[in-house]
Each structure stands twice: as C-alpha cells, then as structure tokens.
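Here's the letter readout for the chains.
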Amino acid sequence: MINNHPKFELIQAFVNGDLPASLSAGIAIHADMCVECQKTIAQFTEQVAENSFEEEFLDRFIVDDNDALESIAAIDFDHMINAIVDSSDIDVVVPTIEKNISFNDETYIIPTALNSMELGKHAHIGKLTRTRIQLNENEIHTSLLHIQPGGGVPEHTHKGFELTVLLAGSFHDESGEYVKGDFIMLDGSHQHNPVSTNGCLCYTVASAPLHFTKGINKLLNPIGSFIY
Amino acid sequence: MQTNLLSKETSAKSTHMSDKINHPQLCQWLDSVAHSRDKQAFTHLFQFFAPKILRIARGKFPNEAQANEVVQDTMSNVWRKAHLFNKDKGAATTWVYTVMRNVTFDMLRKIQGNKEDNLSDDIWPVAESMSCETEGFDDHLADKNLLSVIENLPQAQQDVVKGFYLREMSQEQLAVHLNLPLGTVKSRLRLALGKLKVQLGEKHD
Ligand SMILES: [Zn+2]
C-alpha cells in the first residue's frame, strides 16, 4: 500500500503550474497510482479554476490601474476571435502509445507523464543503472534509476532535495519499506541508505549532489554524482 | 441537438461551486463549439474567459505580448479542442483552467530557456485517457443526432470522420489505418466537416 504522498503545499503548486517539469511529472506519476491524491488534485483544481474565473475574486486581488485597463481595452478581441474561428482545424488527441524501457532484460512501461521527454543512454555502476531525463532544469537533475536485486545506494544525505517515486519493485531504508507508487521527498536533514532486496525502478529528481556520510563510502563520491 | 445534451446533468453541483458562474451555460457553449463549430457560442466563451485569462497571465508574464499570447493560445485551444471536454468529468471552468495552465506552463518553460518540448499535456491531460477508447466511443454514440448526420455522409468520408471524431485518431494515424495518403484524409475530412456544418446548422434553425 502506498504510504508516502506529496504534501498539500506541493499539490497546490502542482495545480497552479508553479513547479518545474521534473517535480510536476513526479506528482502526476504518483497521482496516476494514488486515488487519494487524484481526488485531492481534482478538487483543488476545480476550486482554483472557479476562483480564477470568478469576477469578484479577481476584483478583490488584482488592482487594475488605469494603464492596465486601457491596454486591456486596446487589445482587439474581435480581431482575435475572428482569427481563431477562421481556422477549421480540430485538435485530436493522439492515443497514448505506450513507451517501454528495458533494464537488465526487464521491460517497464514508461509513465505517460514522461512520454515527450528525451531519455539519455544507460549508465552503469555496479547494480545501479541510470538513465538521465533531459529536462534542462539547471541544478535539478532527473533520472530513471534501476537497482538490481540486492543493490543499494550507500548511506548519504542530500544537500538539496531528492524525490524518489517508485515505479516498480520495492526498497527499504532506515525508515521502512517503500512500494510501487510511493512518493518520497527527502531534504538535507535526512540521511538514508536505501537497499532493494528484489530490485526496483525509480523516477528520481535531485537538486544537489548526494553527500556520502560513512567511512569507505566517502570514496564512492562518483556514485553521488552518478545518481544526482 | 442541444436539448438532449442539456437535459443531462452537468457537474455544476459540487460544494466548491459558487452561484456566481453560470456553469450550465458555459457547458452549453462548449458543446455548441464542439458539435457544430458554433462561432456565436465561441464568442460568448471568449467574452467570458478572455479578459480573465488576460489578467491572470499579466501576473505571470511581465511582457504584454506574452500575456496576449496566453489569451490567444488558450482560446484557440478551446476552439480546437472543445470536443475533448467531457462535462461528466468536471466543470467547463476546470477544463478551460487546465488548458490555460498548460499553455502558461509550456510558455514559461520556453522562455526560461529550457526547451520547446510542450510537456504539459502529458502531465495534465486535457482529454480523457485514450485507454478507455471504447467508452469514449459509446459516449459519442449516445449523441444520436450527430451520428445520424454522419451516417448520411458518403462511406469514404464517414470512415474518416468516425475515426477522427469518435475514435479520436490523428490524421496521420487515420492515413495509416485506412491505408490512404495523408492528403486524401485531410481533404475528405475537410469536405465532411463542411457538410456536417451545413446539416447541423440546418437542424438548428
Ligand atoms: Zn497520494
């Protein structure tokens, strides 16, 4: 059972369109598997939409100076309407074609939220395989991370945040067991050592290199930048 | 054909809904745009939404031209995607909000120097998931008027219209599916839509 959900502030920012694509996709992937969050998102979206298009609400929060009013009037709405209805084009939704990805002879369906994203090549270290998702979000790096049975990530903390959404399989760390659909957001104060007994595939978003905390593992710094 | 559509319950009954917005009216306009490309109905929608979208866009884009682009893109998506709106799944305001938020999101990504990859519709689908294709098919079939009009079309045009409207295949997919050149699919569709417009218009008057 899914035990880890995005907190409400994140869902709000998601609905408002204020999160980067990486985190937005993470929430969409989770919601696809979580009826509870689906409901929360639907309700909140309805509420935001209602507020957005309610005249009184806008009047309360947006103070129009005369300039702004004038320039709104200056836009030729009639011209815009005519230009739009002139087109007989109709948009069709291309039925979602399932995309697959393989790691170590196992094939996984890529979540639809990632359908238009460009994936990099596989890179391997030990039992870990990483595929970078090319989102061009500067210090935020997004990947698919596959862990083979018995593999894990050495104990580390996060300088920024690290989001993991479990797409398949399971792993555990000091705080417990995580299953498919879990949305795990960690910040710099967390320290953990995830291990996957039976293997797993994760969608990860990290905002800064992982920081390894224990003895010999400090030598494993390359893994830090590998995963980040 | 609007009467049977209106007799269905709209979703404007949620606790979040205020009385300040005439939801059934908005739904009806969207339906008219979807089913009969009704320009008058679109003008009503535009007059309701465009000034509000513009004011919201101004809060996100300091550049006036960009704010105008949000209005233009959102409303032209409403015109082109109205048939994807499903009033059983939510209010018209929610649907238009989704369209607007998606346009805004993709534009901000473009401006921030990321990419022109238009990810928003994958993250926040504007249409029903296509996995329940047959369900969508049945829903549309319930609209008997539209269907009877379609069935008066020549078979070749019927195939294209049914694939395009009812099964929501793209023109490219239809070309492959029907084993026709893309140009043929496009011209058949254009012809068929012209006829549909006339016939649906006649029924209205
Ligand atoms: Zn959840």
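Conventions used here
Residues numbered from 1 in each chain as written. Chains lettered and ligands numbered in written order. Predicted model: local features only at pLDDT ≥ 70, side-chain atom pairs only at ≥ 80, totals over all residues. Heavy atoms only, no water. Helix = DSSP H or I, 4+ residues; strand = E, 2+ residues; numbered from the N terminus. Areas by Shrake-Rupley, 256 points an atom, 1.4 Å probe, with all protein chains shown as cover. Contact = heavy atoms within 4.5 Å. Buried area = accessible area lost by both parts, 1.4 Å probe. Salt bridge = Lys/Arg side-chain N within 4 Å of Asp/Glu carboxyl O. Polar contact = N/O pair within 3.5 Å; in protein donor to acceptor, adjacent residues only side chain to side chain. Nonpolar A, V, L, I, M, F, W, Y, C, P; charged D, E, K, R; others polar. Core = buried A, V, L, I, M, F, W, Y, C linked by side-chain atoms within 4.5 Å. Buried < 20%, exposed > 50% of the residue type's maximum accessible area, 1.4 Å probe, protein only. Donors = N, O, S within 2.8 Å, 3.2 Å for Na, K, Ca; no water. Tetrahedral: all angles 85-135°; square planar, octahedral: opposite > 155°, others 65-115°. Pairing = 2+ DSSP bridges. Axes fitted to C-alpha atoms, helices over the stretch in contact; angles between N-to-C directions. Parallel < 35°, antiparallel > 145°, perpendicular 65-115°, else oblique. Left-handed = near helix turned anticlockwise from the far one by under 90°. Domains from an automatic or database assignment.

*Asks:* Where do I start with the overall build of chain B in this structure?
*Replies:* Looking only at helices and strands, one finds eleven helices and zero strands in chain B. In chain B, the order of α-helices and β-strands from amino to carboxyl end is α-α-α-α-α-α-α-α-α-α-α. About 9400 Å² of surface is accessible on chain B, with carbon and sulfur atoms providing 50% of the total.

*Asks:* Help me understand the interface of chain A and chain B in this model?
*Replies:* When the parts of a complex come together, some accessible area is lost, and that lost area is often used as the size of the interface. Across the contact, 57 residues belong to chain A and 62 residues belong to chain B. Between chain A and chain B the total buried area reaches about 5200 Å² when both faces are included, carbon and sulfur atoms providing 62% of it. When residues of chain A are sorted by the area they lose upon contact with chain B, Glu50, Phe53 and Ile90 of chain A head the list and together hold 15% of the total. Two residues, Glu118 of chain A and Lys115 of chain B, come together in a salt bridge whose shortest N-O distance is 3.1 Å. For the pair chain A and chain B, the number of links is eleven residue pairs in polar contact (both at pLDDT 80 or more). Within the residue set of the side of chain A that touches chain B, elements represented by two or more residues are helix 1 (8–16), helix 2 (21–33), helix 3 (35–52), helix 4 (55–61), helix 5 (66–74), helix 6 (77–85) and strand 4 (128–137) of chain A. Ranked by the residues each element gives to the side of chain A that touches chain B, the list is headed by helix 3 of chain A, at eight residues. Class assignment of the residues belonging to the side of chain A that touches chain B gives a composition of 29 nonpolar, 16 polar and twelve charged.

*Asks:* Explain the nonpolar core to me, please; I cannot follow it from the model alone.
*Replies:* As a rule of thumb, soluble globular proteins bury nonpolar side chains together. Of all hydrophobic cores here, the largest spans 84 residues; its most connected members are Tyr203 of chain A together with Phe42, Phe46 and Met75 of chain B. When residues in this core are grouped by element, the largest group, ten residues, is from helix 3 (residues 39–60) of chain B. Ranked by size, the runner-up nonpolar core spans 15 residues in total, among them Val149, Phe164, Ala192 and Leu193 of chain B.

*Asks:* What's the story with the coordination of the zinc ion in this structure? I'm lost.
*Replies:* When four donors bind a metal tetrahedrally, each ideal donor-metal-donor angle is 109.5 degrees, and when six bind octahedrally, the ideal angles are 90 or 180 degrees. All names here are of chain A. The zinc ion binds to the protein through His5 (ND1), His30 (NE2), Cys34 (SG) and Cys37 (SG); the donor distances cover 2.0 to 2.3 Å. For the zinc ion, the four donor atoms are set out with angles of 100 to 116 degrees between them, so the coordination reads as tetrahedral. Within one chain, the residues serving as donors to the zinc ion are arranged as H-x24-H-x3-C-x2-C. The pair formed by Cys34 and Cys37 is uniform in burial state, with each residue classed as buried.

*Asks:* Teacher, can you tell me more about unusual backbone geometry here?
*Replies:* Trans is the common state for peptide bonds, and a negative phi is the common state for residues other than glycine. Residues and elements named next belong to chain A. Notably, Asn104 is not glycine yet its phi reads approximately 45 degrees, a positive angle. Of note, the phi angle at Asn138 is positive, near 55 degrees, even though the residue is not glycine. Considering the arrangement of structural elements, one finds Asn138 in the loop between strand 4 and strand 5 (140–147). Relative accessible area serves as the criterion here: at 65%, Asn138 is assigned to the exposed category.

*Asks:* Hey, could you run me through the pattern of salt bridges in this one?
*Replies:* Pairing between side chains of opposite charge can happen when the charged atoms of each approach one another. Enumeration over the complete set of coordinates arrives at six salt bridges over all chains. For Asp117 of chain B, the salt bridge identified is with Arg109 of chain B, shortest N-O distance 2.8 Å. What makes Arg109 of chain B buried here is its relative accessible area of 3%. Through salt bridges that share partners, Glu137 of chain A together with Arg109 and Asp117 of chain B make up one connected network.

*Asks:* Explain the sheet that holds strand 14 (residues 200–206) of chain A here, please?
*Replies:* Hydrogen bonds between backbone atoms are what pair the strands of a sheet, whose relative direction is either parallel or antiparallel. Residues and elements named next belong to chain A. Read across the open sheet, the six strands follow the order 3-4-5-14-8-11; overall the sheet is antiparallel. Each edge of the open sheet is held by one strand with a lone partner, namely strand 3 (118–125) and strand 11 (183–186). The average undirected angle you get between the axes of adjacent strands in this sheet is 20 degrees. The sheet contact formed by strand 3 and strand 4 spans six bridges and is antiparallel. Paired with Glu118 across the two strands is Gln134, which belongs to strand 4. On top of the sheet, helix 2 reaches strand 4, strand 5, strand 8 (162–169), strand 11 and strand 14; it is set at about 35 degrees to strand 8, its chief contact.

*Asks:* Quick question: what am I supposed to make of the packing of helix 6 of chain A against helix 4 (residues 64–81) of chain B here?
*Replies:* The axes of two packed helices give the description: the angle between them and the distance between them. Their axes nearest at 10 Å, the elements helix 6 of chain A and helix 4 of chain B cross at an angle of 40 degrees. Here helix 6 of chain A lies oblique to helix 4 of chain B, going by the angle between them. The two elements helix 6 of chain A and helix 4 of chain B cross, and the hand of that crossing is right-handed. Residues Met80, Ile84 and Val85 of chain A of helix 6 of chain A lie in contact with helix 4 of chain B, whose contacting residues are Asn68, Val71, Gln72, Met75, Ser76 and Trp79 of chain B. Considered class by class, the residues forming the contact of helix 6 of chain A with helix 4 of chain B number six nonpolar, three polar and no charged.

*Asks:* Sorry if this is basic, but what is going on with the pairing of strand 4 of chain A here?
*Replies:* The side chains of a regular strand alternate, residue by residue, between the two faces of the sheet. All names here are of chain A. Counted residue by residue, strand 4 has eight buried out of ten residues, so it is predominantly covered. Hairpin geometry of strand 3 and strand 4 is characterised by an intervening segment of two residues between the two adjacent antiparallel strands and by a positive phi of about 55 degrees at Gly126. Bridge analysis of strand 4 against strand 5 gives seven bridges, and the strand direction is antiparallel. Bridge assignment links Arg130 to a residue of strand 5, and that residue is Leu145. Counting the residues that bridge the hairpin from strand 4 to strand 5 gives two residues, and of these Asn138 lies at a positive phi of roughly 55 degrees.

*Asks:* How do you make sense of the domain arrangement of chain A when you look at a structure like this?
*Replies:* Residues and elements named next belong to chain A. As far as domains go, chain A holds domain 1 (8–86) and domain 2 (100–227). Contacts between the two partners involve 13 residues from domain 1 and, on the opposite side, 21 residues from domain 2. Summed over both partners, the interface of domain 1 with domain 2 buries about 1200 Å², with 80% contributed by carbon and sulfur atoms. On the domain 1 side of the interface with domain 2, the three residues burying the most area are Ser22, Ile29 and Met33, jointly 41% of the side's total. For the pair domain 1 and domain 2, the interface holds zero salt bridges. Looking at side-chain class alone, the side of domain 1 that touches domain 2 contains nine nonpolar, three polar and one charged residues.

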